[in-house]
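# Close look at the chain arrangement
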Amino acid sequence: MRVGLRLVRGARANETIALDDNQTVVLGRGTEATFRIQDPSISRRHCQISNTPRGLLIADLGSSNGTYVNGQRLGTGWLPLSPGDVVVLGQNEIRVLAPNQPQSAVYPGGGQGAAPGYRCGHCQRAITPQEIQQNRYRQDTNGRLVCAECLAKLDFDPNMVEGYRIEKKLGQGAFGAVFKAVALKSNEVCALKTIKPQLVSSEKDIQRFFREADTGRQLVHPSILRVFDAGESKGVHFIAMEYIDGREVSKLIEEYGRLDVGYAMRMTIQIANALQHAFERGIVHRDIKPENVMVTSQGVAKLVDFGLAKSFAQAGQSGLTAPGEGMGTLAYMPPEQLDNALNADQRSDIYSLGATLYHMLTGSRPFNEKTTRSFIMKILNAQPPPARSLNPQVPQALEDILTRAMAKAPDDRYQKPAEMEADLRELFQELAKQHAARSGGG
């Protein structure tokens, strides 16, 4: 059933928004909004109203000044709207019309008829009211529309996993892909990691894939990627995970070379805390590296990809790691993990975290050989160049932490991630005090 929203106060007063079944409007002042309101007191993407099978729903999109319904500020999540309800954003007031109230044919994004600015976010072609009425379009999580022609050109099926609407491909690998998607029940954005049976070589690959989901469910920590769901749908195996608006540390290194010492320490402290959380639950990651650490736009480090993780309590019992089988990434792998990944414990993760910190501080991997044999010989017998020789900004105390974390023998390393975290925190605080004193703040 079509629902009407009338603007009774503000920059677009006396206009009406008509929402057909399953249609959504994003209100805001920016180009990302599908109904733009020129009001500096509202955000670029301020709020979203959807006409769903469950009724008319509204959600604030993280606006600066808030969205108010009947005088109450919205929190997180969705709130149902009823005829007569009043929505206020900035200087604008919107009323929900009753079904029998007259509605003019105004659509999200413009005025009467073929609303100006109501265009496909991919090809920029104008989308007509007729296409809207026939539901011949899709709206992505940024409020942009995708026309029928662009839908046909996508290299994925937006409905390939039941219960999710896939919006965008984030990456493609040999066995599958990762997508940005929306969980239809909650309307939450998530990341869908998928593999197709025809792309895997054995049932062991499937088991290892789902072990990542099982491990993720056991770990609830602000610096560990959350896992929400996993299963099989239409021949596609999937894991639904937290969507991270951020970048891999490896990409930051590519862009900036070596990273700021304080920044690298902050990221490492967070990941060390996450590894302690995993250790306390009997889990070792076995593949710590810059590619598996993401940093959100708020500066939170997130450890991702537990596909190679193992449980101490079940070591050797799953059959997914054979005795004598190496596993991980050579550039960050400790000696004991080279020929038998079953040997890996929390001290192996500490070594790999130290190697990752080394890469962040210097812009170079500890060892960067051209052949596997040469890599192995260096890992077993050689020490990497001192970090201070590649980055004079690295203090000697931090060099000492790296040396201990990357010791050849596990017994010579930190024995728990919390020990490495404690030394890093103490040094970070000391460096901060020194900086404040030099700046005249202490």
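Data block above holds the structure.
Residues numbered from 1 in each chain as written. Predicted model: local features only at pLDDT ≥ 70, side-chain atom pairs only at ≥ 80, totals over all residues. Heavy atoms only, no water.

Glancing now at the overall build of the chain. Of the regular secondary structure elements, the chain holds 10 helices and 23 strands. Counting over 442 residues, the chain shows a buried share of 49%. Considering only intrachain contacts with a sequence separation of at least 6, the fraction spanning at least 24 residues in the chain is 54%. Carbon and sulfur atoms provide 49% of the accessible area of the chain, an area that totals close to 20500 Å². (Helix = DSSP H or I, 4+ residues; strand = E, 2+ residues; numbered from the N terminus. Buried < 20%, exposed > 50% of the residue type's maximum accessible area, 1.4 Å probe, protein only. Contact = heavy atoms within 4.5 Å. Areas by Shrake-Rupley, 256 points an atom, 1.4 Å probe, with all protein chains shown as cover.)

Here we take up the pattern of salt bridges. Scanning the entire structure with this criterion turns up 19 salt bridges. Where Arg 44 meets Glu 32, a salt bridge forms, and the shortest distance between an N and an O atom there is 3.5 Å. Of this pair, Arg 44 sits in the loop between strand E4 (35–36) and strand E5 (47–52) while Glu 32 sits in the loop between strand E3 (24–28) and E4; the two residues are 12 residues apart in sequence, bridging distant segments of the chain. When the shortest N-O distance is used, the salt bridge between Arg 347 and Asp 411 registers 2.7 Å. With Arg 347 in helix H6 (residues 346–362) and Asp 411 in the loop between helix H9 (396–405) and helix H10 (417–438), this residue pair connects regions lying 64 residues apart in the sequence. Salt bridges sharing common partners tie together Arg 9, Glu 93 and Arg 95. (Salt bridge = Lys/Arg side-chain N within 4 Å of Asp/Glu carboxyl O.)

As a further point, take empty space enclosed by the protein. Tallying each qualifying case throughout the model produces 3 cavities of 30 Å³ or more. The space that makes up the largest cavity amounts to roughly 50 Å³. Here the residues of the lining of the largest cavity sort into 6 nonpolar, 1 polar and 2 charged. In this model, the second largest cavity occupies a volume close to 40 Å³. (1 Å grid on protein atoms, 1.4 Å probe; cavity = no way out; pocket = protein on both sides within 12 Å on 5 of 7 lines; lining within 4 Å. Points joined across faces, edges and corners; volume = space filled by probe spheres on them. Nonpolar A, V, L, I, M, F, W, Y, C, P; charged D, E, K, R; others polar.)

Glancing now at the packing of H6 against H10. Where H6 meets H10, the axes come as close as 9 Å, and the angle between the chain directions of the two elements is 35°. For the pair H6 and H10, contact is made by Gln 346, Ile 350, Leu 353, Gly 354 and Leu 357 and by Pro 417, Met 420 and Leu 424, respectively. (Axes fitted to C-alpha atoms, helices over the stretch in contact; angles between N-to-C directions.)

Ranked by internal contacts, the top residues of the largest apolar core, which has 51 residues, are Leu 357, Met 360, Leu 361, Leu 398, Met 420 and Leu 424. Of all elements in the fold, only helix H4 (249–256), helix H5 (261–280), strand E21 (293–296), strand E22 (301–303), H6, helix H7 (372–381), H9 and H10 reach the threshold of two or more residues within this core. Considering each element in turn, this core owes the most residues, 10 residues, to H5. Sequence-distant contacts of Met 420, that is, excluding residues within four places in its chain, are made with Thr 268, Ile 350, Leu 353, Gly 354, Ile 401, Ala 405 and Tyr 414. With 21 residues, the next largest nonpolar core counts Leu 7, Val 69, Leu 81 and Val 96 among its residues. (Core = buried A, V, L, I, M, F, W, Y, C linked by side-chain atoms within 4.5 Å.)

Here the second largest pocket is characterised by a volume of approximately 1300 Å³. Along its surface, the second largest pocket is lined by 39 residues, and Val 178, Lys 193, Glu 212, Asn 292 and Asp 305 are the ones closest to its centre. Breaking the lining of the second largest pocket down by element, the ones donating at least two residues are strand E14 (164–172), strand E15 (176–183), strand E16 (188–195), helix H3 (203–218), strand E18 (236–242) and strand E19 (246–248).

Another point: the packing of H5 against H6. Where H5 meets H6, the axes come as close as 10 Å, and the angle between the chain directions of the two elements is 165°. Considered as vectors, H5 and H6 are oriented roughly antiparallel to each other. The two elements H5 and H6 meet at a crossing, and its hand is right-handed. Two secondary-structure elements touch here, H5 through Val 261, Ala 264, Met 265, Met 267, Thr 268, Ile 271, Ala 272, Leu 275 and Phe 279 and H6 through Gln 346, Asp 349, Leu 353, Leu 357, Met 360 and Leu 361. Split by residue class, the contact of H5 with H6 holds 12 nonpolar, 2 polar and 1 charged. (Parallel < 35°, antiparallel > 145°, perpendicular 65-115°, else oblique. Left-handed = near helix turned anticlockwise from the far one by under 90°.)

Another point: the packing of aromatic side chains. The final tally for this structure, using the stated rule, is 2 aromatic pairs. Plain terms: the ring middles of Phe 209 and Phe 210 are 5.4 Å apart, the flat faces sit at 70° to each other, and that makes the pair edge-to-face. Phe 209 gets classed as buried once you look at its relative accessible area, which sits at 7%. (Phe/Tyr/Trp six-rings, centres within 6.5 Å; stacked < 30°, edge-to-face > 60°.)

Below, the discussion takes up the sheet that holds E5. Read across the sheet, 5 strands follow the order E4-E3-E5-E6-E9 without closing on themselves; strand pairing throughout is mixed. Unpaired on one side and paired on the other, E4 and strand E9 (79–80) mark the two borders of the sheet. (Pairing = 2+ DSSP bridges.)

Bringing the pairing of strand E1 (residues 3–9) into the picture now. The pairing of E1 with strand E2 (residues 16–19) spans 4 bridges and is antiparallel. Paired with Leu 5 across the strands is Ile 17, a residue of E2. If you look at the hairpin formed by E1 and E2, you'll find 6 residues sitting between the two strands, and Gly 10 has a positive phi there, around 120°. As paired elements, E1 and strand E11 (residues 92–96) share 4 bridges and run antiparallel to each other. Following the sheet pairing, Leu 7 is matched in E11 by Ile 94.

With 7 of 8 residues buried, E15 is to be regarded as a mostly interior element. One ladder, built from 7 bridges, connects E14 with E15; its direction is antiparallel. From the neighbouring strand, Lys 169 faces E15, where its bridge partner is Phe 179. As paired strands, E15 and E16 are joined by 8 bridges and run antiparallel to one another. The residue bridging Ala 183 from the neighbouring strand is Glu 188, located in E16.

Let us now look at unusual backbone geometry. Unusually for a residue other than glycine, Asn 70 sits at a positive phi of about 50°. Along the chain, Asn 70 turns up in the loop between strand E7 (68–69) and strand E8 (72–73). We classify Asn 70 as partly exposed; its relative accessible area is 45%. The backbone of Asp 305 shows a phi angle near 60°, a positive value even though the residue is not glycine. With respect to the secondary-structure elements, Asp 305 resides in the loop between E22 and strand E23 (310–311). The partly exposed category is assigned to Asp 305, whose relative accessible area is 28%.

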